[in-house]
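Structural overview
Spelled out, the chains give:
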Amino acid sequence: MAEQRDRVFVRREEEDVDEEEREDQDDLHGNRRRRARVLAGEIPLEGLLRMLAGQRVVVERRRAAASNEELVSGLKRSGMLNSEAVQHAMLTCPRGSFVPEGYRGEAWVDSPIRVEEEDFNISAPHMHAQLLESLDICPGDRVLDIGCGCGLIAACAAVLAGKSGRVVAVDTKPACVKLSQDNIAHLAATSSDFAAAAAPVTILRHNAFIPHLQLKGKFNKVCVGAACPEERLHLLLALLEPSGGKLLAPVDSDLRLFTRSADGSVKQHLVSSVRFSDLEVRRCVCVCVCVWGGLFGKM
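The paragraphs below set out a description of the structure included in this document. It should be emphasised that the depicted structure is a prediction, and the values quoted were computed from it without experimental measurement.

Summing up its helical and strand segments, the protein has 10 helices and 10 strands in all. Out of the 299 residues in the protein, the part that is buried amounts to 45%. Counting contacts in the protein only where the partners sit at least 6 residues apart, residues at least 24 apart contribute 60% of the total. Here the protein displays about 15,500 Å² of accessible surface, and carbon together with sulfur accounts for 52% of that area.

Time to look at the pattern of salt bridges. This model, assessed by the stated rule, comprises seven salt bridges. Between K76 and E84 there is a salt bridge, and its shortest N-O distance comes to 3.2 Å. The exposure class of K76 is partly exposed, given its relative accessible area of 28%. Looking at E84, the relative accessible area reads 53%, which means it is exposed. D141 is the partner of K221 in a salt bridge, and the nearest nitrogen-oxygen pair spans 2.8 Å. With a gap of 80 residues between them, K221 in strand β6 (residues 221-224) and D141 in the loop between α6 (125-135) and β3 (142-146) connect regions that are remote in the sequence. Comparing K221 with D141, the two get one shared label, buried.

What follows concerns the side chain of D145. Following the sequence through the fold, D145 ends up in strand β3. Despite its burial, D145 remains without a salt bridge, the nearest opposite charge being carried by K173 at 13 Å. Dropping the residues within four chain positions of it, D145 is found in contact with I153, A154, V168, A169, V170 and C223.

Further remarks concern the nonpolar core. Ranked by size, the top nonpolar core spans 51 residues in total, and within it M90, C93 and F194 carry the most contacts. A total of 10 residues in this core trace back to one element, the largest contributor, which is helix α7 (residues 152-161). Contacts of M90, omitting those with residues within four sequence positions, involve N68, V72, L75, L81, P125, A129, L132 and C156. Counting residues in each nonpolar core, the second largest holds 21 residues, with V222, C228, L233 and L239 among its members.

This next bit is on the packing of aromatic side chains. Centre-to-centre distance and the angle between the planes together describe a pair of aromatic rings. Going through the model one piece at a time under the given rule, you end up with zero aromatic pairs. Over the ring of F209 we find R232, and its NZ or CZ is 5.6 Å from the ring centre.

What counts as what
Residues numbered from 1 in each chain as written. Predicted model: local features only at pLDDT ≥ 70, side-chain atom pairs only at ≥ 80, totals over all residues. Heavy atoms only, no water. Helix = DSSP H or I, 4+ residues; strand = E, 2+ residues; numbered from the N terminus. Buried < 20%, exposed > 50% of the residue type's maximum accessible area, 1.4 Å probe, protein only. Contact = heavy atoms within 4.5 Å. Areas by Shrake-Rupley, 256 points an atom, 1.4 Å probe, with all protein chains shown as cover. Salt bridge = Lys/Arg side-chain N within 4 Å of Asp/Glu carboxyl O. Lys, Arg positive; Asp, Glu negative; His and termini not counted. Core = buried A, V, L, I, M, F, W, Y, C linked by side-chain atoms within 4.5 Å. Phe/Tyr/Trp six-rings, centres within 6.5 Å; stacked < 30°, edge-to-face > 60°. Lys NZ or Arg CZ within 6 Å of the ring centre and 35° of its normal.

Here it is as structure tokens:
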């Protein structure tokens, strides 16, 4: 029986390797598919170095959690989520409620999701936790989410800011504006916990690099969901209130937290090394689309 079990194990192991090898036939060495996995964060740095050296890299498949609760519990257990407030926000705003229908099977996996047809990414849950914890959003905060994508960060920020707070989310892509609008409106209609706790949320189609009188100096917490050119950081810092605040933004390959004081001085802190897609730097017409609970007239 022991020999039979060993043979079964070997056969399954060989089947797994064969499956991996078939996937790697995307080009001569499977490099195209592997590069995609590196960019998605599935291959660690040491794996990338081995790949460049021509060695075989076997990618560990991340197991999907059975539910949002299990996903969040796993983040807390692994030390990637420490704040009780952020844990509550992530439980109140299930990732599966924000992922487009065709990608729901990936919702409970701690990996980023590429929504190819709409040309945007949904960050991995551990990255969402890091963003929210780094900003330290408190009740009453005025929060701006730049590059809102599916609206998940904006929704979590609304829970953290509470009824006395305010959240505005912007994106340049009409599809992302509508997706965020629909997701947050649906959550507000179906979750009494969210409806009872969350701040008003406003969604805008807007390029954050274009000056907007109704955005400039209105927020004490700003979260940037895509890489910002360093030479344009001053345009985003101008969105913070004159009394100061925090701006969290990927710059090059670093996630940086900028803290501006009332005297105008700015300190920055390196949070982690990350890879985000780039913010769109272009001129466009600002189009306002308002969603559940807020208009600029209330700001």
